[in-house]
Amino acid sequence: MQLYYAPNTISIAVAIALEEAGLEYEAIRIDFAERQQTTRAYHQINPKGRVPALVVEGGILTETGALLELIADMAPEAGLRPNDPVLAARMREVMFYLASTMHVNHAHKLRGARWASNPASFKDMARKVPETMAASCDYICNHGLRGPFVLGDSPSLADCYLYVVCTWLEGDGVKIARFPKLTAFMAAMEARDSVKAVRAKDML
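Each chain has its residues counted from 1, running along the sequence as written. Where totals are concerned, whole chains, interfaces and linings use all residues; where local detail is concerned, this predicted model gives features only for residues with pLDDT of at least 70, and gives and counts side-chain atom pairs only at 80 or more. Values shown for side chains rest on all heavy atoms present in the structure; no hydrogens or waters enter the calculation.

Under an unreviewed UniProt entry, the name given to the protein chain is Glutathione S-transferase, and the source organism is Tritonibacter scottomollicae.

Next up, the structure:
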């Protein structure tokens, strides 16, 4: 497998899940500073011009949530998705919230052109980011984390996703120390070999 990623983006959630699952992959870096994601060559990989993209036998797949689910299917022994359907739905509940709300909150800081044309609107969106990200942290602490990890004592796909989103908080003007549950969660994730591995590869 080949994982197309950019450092510190949500694509790293896929890398963490691959490490958790013990699956071999080649990491191919896309340099956003050099705008490699806008090139015709990369658009042959992902026409959306975003990361992640995962090359697997049978084609190329995109979208973080879909790739995480694929990894759980490929390595069920890793236990990244619970067998209990209610617990699996709880896991997805957090993942979908991260994708639809918290990641979007973060994107308003630098990606205002996705939603507006007036540059003054971009600045207003950016000013709102600390507030909306802090509100998302409150939600995750009160309704997302059911223990050290999202589902309790064992990590799941949702934790790979949440960890990467939380690495953005300081840059978004949110002090993670305000949220003891998230602070403990981040410490638990930092101690895992999967996170150590992606850090050793300079992906984070």
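After presenting the structure, the write-up continues.
With respect to empty space enclosed by the protein
A 1.4 Å probe that fits into a set of points on a 1 Å grid over the protein atoms alone but cannot get out defines a cavity; an open set with protein on both sides within 12 Å along at least five of seven lines defines a pocket, and lining residues are those with an atom within 4 Å of a point. Grid points are joined across faces, edges and corners, and a volume is the space filled by probe spheres set on the points. A full pass over the atoms with the stated rule returns one cavity of 30 Å³ or more. As a volume, the largest cavity reaches approximately 30 Å³. Lining the largest cavity are Arg90, Glu93, Val94, His143, Gly144, Arg146, Val150 and Leu151. Elements with a minimum of two residues in the lining of the largest cavity: helix 4 (85–107) and helix 5 (119–144). With three residues, helix 4 is the largest single contributor of residues to the lining of the largest cavity. Residue composition of the lining of the largest cavity, grouped by class: three nonpolar, two polar and three charged. A run of DSSP states H or I qualifies as a helix once it reaches four residues; a run of E qualifies as a strand once it reaches two. Both are numbered from the N-terminal end. Classification convention: Asp, Glu, Lys, Arg as charged; Ala, Val, Leu, Ile, Met, Phe, Trp, Tyr, Cys, Pro as nonpolar; all other residues, Gly among them, as polar.

Re the sheet that holds strand 3 (residues 53–56)
Strands qualify as paired when DSSP identifies two bridges or more between them. If you walk across this open sheet you meet the four strands as 2-1-3-4, and the pairing is mixed. At either margin of the open sheet sits one strand with a lone partner, and together these are strand 2 (26–29) and strand 4 (59–62). In this sheet, neighbouring strand axes are inclined to one another by 20° on average, regardless of whether the strands run parallel or antiparallel. Of the pairings in the sheet, the one linking strand 1 (residues 2–5) to strand 2 comprises four bridges and is parallel in character. In this analysis an axis means a line fitted to C-alpha atoms, helices contributing only their contacting stretch, and an angle means the value between N-to-C directions, from 0 to 180 degrees.

A short note on the packing of helix 1 (residues 11–21) against helix 8 (residues 193–200)
Where helix 1 meets helix 8, the axes come as close as 8 Å, and the angle between the chain directions of the two elements is 125°. In terms of their interaxial angle, helix 1 and helix 8 are classed as oblique. Like other packed secondary-structure pairs, helix 1 and helix 8 cross with a definite hand, here right-handed. In contact with Ile12, Ala15, Ile16, Glu19 and Glu20 of helix 1, helix 8 contributes Ser194, Val195, Ala197 and Val198. Residue composition of the contact of helix 1 with helix 8, grouped by class: six nonpolar, one polar and two charged. Relative orientations are named as follows: roughly parallel for angles under 35 degrees, roughly antiparallel for angles over 145 degrees, roughly perpendicular for angles from 65 to 115 degrees, and oblique for any other angle. Whether a crossing is left-handed or right-handed is set by the direction in which the near helix is turned from the far one by less than a right angle, anticlockwise for left-handed and clockwise for right-handed. The contact criterion used throughout is that any non-hydrogen atoms of two residues lie within 4.5 Å.

Let's talk about the packing of aromatic side chains
Pairing of aromatic side chains here covers Phe, Tyr and the six-membered ring of Trp, requires ring centres within 6.5 Å, and sorts the geometry by plane angle: under 30 degrees stacked, over 60 edge-to-face, intermediate tilted. Tallied over the entire structure, the rule returns two aromatic pairs. Between Tyr4 and Tyr42 the ring centres are 5.9 Å apart and the planes differ by 50°, which places this aromatic pair in the tilted class. Taken as a pair, Tyr4 in strand 1 and Tyr42 in helix 2 (residues 40–45) lie far apart in primary sequence, 38 residues in all. Each member of the pair, Tyr4 as well as Tyr42, carries the same accessibility label: buried. For the pair Tyr97 and Tyr139, a centre-to-centre distance of 4.4 Å together with 35° between the ring planes defines the contact as tilted. With a gap of 42 residues between them, Tyr97 in helix 4 and Tyr139 in helix 5 connect regions that are remote in the sequence. Residue Tyr97 is classed as buried on the basis of its relative accessible area of 17%. Only protein chains enter the calculation, and the probe is 1.4 Å; a residue is then buried if its accessible area is under 20% of its type maximum, exposed if over 50%, and partly exposed in between.

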